[in-house]
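# Fold and contact review
So the chains spell out like this:
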Amino acid sequence: MPEAELRPLYSTAEIADRLHQMAGNIAGEMSPGFVMVAILTGSFVFAADLIRALAAEGCDPAVDFMILSSYAGSTRSSGTVTLLRDAALDVRGRDVLVVDDILDSGRTLAFAQDHLRARGASSVRICVLLDKATAAREDHCHADFVGFRCPDAFVVGYGMDHDHKFRGLPHIAVLCQ
Ligand code: IMP
Ligand code: MG
């Protein structure tokens, strides 16, 4: 296979600026006792920076994680979402902010939202770093807080991988194969 080419999409500085704006919006709209549930693995860098940007806005949410999988080493979603690890916190009666890297078809986030509502969360809002311009979007999933628009291409870096590679890139890049 030829070497993959990486085309820069959003720089480290652009990401940092946008996260501070997003944290301000989230702080203004979420209730003080909200729970942040980050979807692993792709959101771990975003969630780590977002929680610190939220702290700068005076927010101190509880943090938990769910592991959901739908890609299994490919650049196309398998279409089936598997819950590999549930959030450990009791979310009953609490406002939840689900944090993920990318809204693509929406299946992963629709699954997380349905699951957390079924566990008794009072509200479940969605925050994504990237909103992908895809024809595959299922219309029942919409993000409340969005970092950037993303072209309908496969992107890596800033926590996002292709086959377990590129997560440590400090910026977001399009993977051209
Ligand atoms: P969806 O279920 O189709 O919305 O896919 C969302 C999940 O797929 C995200 O949580 C990402 O982990 C992953 N994903 C979607 N597009 C990309 C991409 O371009 N690069 C890396 N991961 C992606
Ligand atoms: Mg993911």
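All of the points below concern the structure found in this document.

Thresholds applied
Residues numbered from 1 in each chain as written. Chains lettered and ligands numbered in written order. Predicted model: local features only at pLDDT ≥ 70, side-chain atom pairs only at ≥ 80, totals over all residues. Heavy atoms only, no water. Helix = DSSP H or I, 4+ residues; strand = E, 2+ residues; numbered from the N terminus. Expected span 1.5 Å × (residues − 1). Buried < 20%, exposed > 50% of the residue type's maximum accessible area, 1.4 Å probe, protein only. Arc of directions from axis to C-beta. Near = heavy atom within 4 Å. Polar contact = N/O pair within 3.5 Å; in protein donor to acceptor, adjacent residues only side chain to side chain. Areas by Shrake-Rupley, 256 points an atom, 1.4 Å probe, with all protein chains shown as cover. Nonpolar A, V, L, I, M, F, W, Y, C, P; charged D, E, K, R; others polar. Salt bridge = Lys/Arg side-chain N within 4 Å of Asp/Glu carboxyl O. Pairing = 2+ DSSP bridges. Axes fitted to C-alpha atoms, helices over the stretch in contact; angles between N-to-C directions. Contact = heavy atoms within 4.5 Å.

## Some points on helix α2 (residues 44-56)
In an α-helix, one turn spans 3.6 residues; hence positions three or four apart end up facing the same way. Helix length check: α2 (13 residues) gives 19 Å between terminal C-alpha atoms against 18 Å at 1.5 Å per residue, within 8%. Residues F46, A47, L50, A53 and L54 constitute the buried set of α2. In an axial view of α2, the angular spread of the buried residues amounts to 130 degrees, which keeps them on one side of the axis. Structural note: α2 exposes R52 and A56 on the side pointing more than 90 degrees away from its buried face. Phi turns positive one or two residues past the end of α2, at G58, with a value near 85 degrees.

## Quick look at the site of ligand 1
Around ligand 1, 14 residues are found, and the nearest of them are D100, S105, G106, T108 and V155. S105 has a polar side-chain atom sitting 2.6 Å from an oxygen atom of ligand 1. Expressed as a share of its isolated accessible area of 490 Å², the protein-covered part of ligand 1 is 93%. Counting residues per element, the shell around ligand 1 draws most heavily on strand β5 (residues 95-103), at 3 residues. Here the residues of the shell around ligand 1 are counted per class, giving 5 nonpolar, 3 polar and 6 charged.

## Describing the environment of L97
Tracing the chain through its elements places L97 in strand β5. When its relative accessible area of 0% is taken as the criterion, L97 is described as buried. Residues L97 and I126, spaced 29 residues apart in sequence, show a C-alpha to C-alpha distance of 5.7 Å.

## Quick word on the pattern of salt bridges
Applying the stated criterion across every chain yields a total of 10 salt bridges. Between E5 and R7 there is a salt bridge; the shortest N-O distance is 3.3 Å. Exposure remark for E5: the relative accessible area of 41% places this residue in the partly exposed category. Between R85 and D64 there is a salt bridge whose closest N-O contact spans 3.0 Å. Residue R85 is located in strand β4 (residues 82-85), and its partner D64 is located in strand β3 (residues 62-69); the two are separated by 21 residues in the primary sequence. On the accessibility criterion, R85 (34% relative accessible area) is partly exposed. Here the salt bridges do not stand alone but share partners, grouping D131, R137 and R149 into one network.

## Examining the sheet that holds β4
The 6 strands are arranged β4-β3-β2-β5-β6-β7 in an open sheet whose pairing can be described as mixed. The two strands at the open ends of the sheet, each matched to only one other strand, are β4 and β7 (145-150). Strand-to-strand twist of the sheet, defined as the mean angle between neighbouring strand axes without regard to direction, takes the value 30 degrees. Here 4 bridges tie strand β2 (residues 35-40) to β5, and the two strands are oriented parallel to one another. Within β5, the residue paired with V37 across the bridge is V98. Lying on the sheet, helix α1 (residues 12-29) is in contact with β5, β6 (123-132) and β7; it crosses β7 at an angle near 150 degrees.

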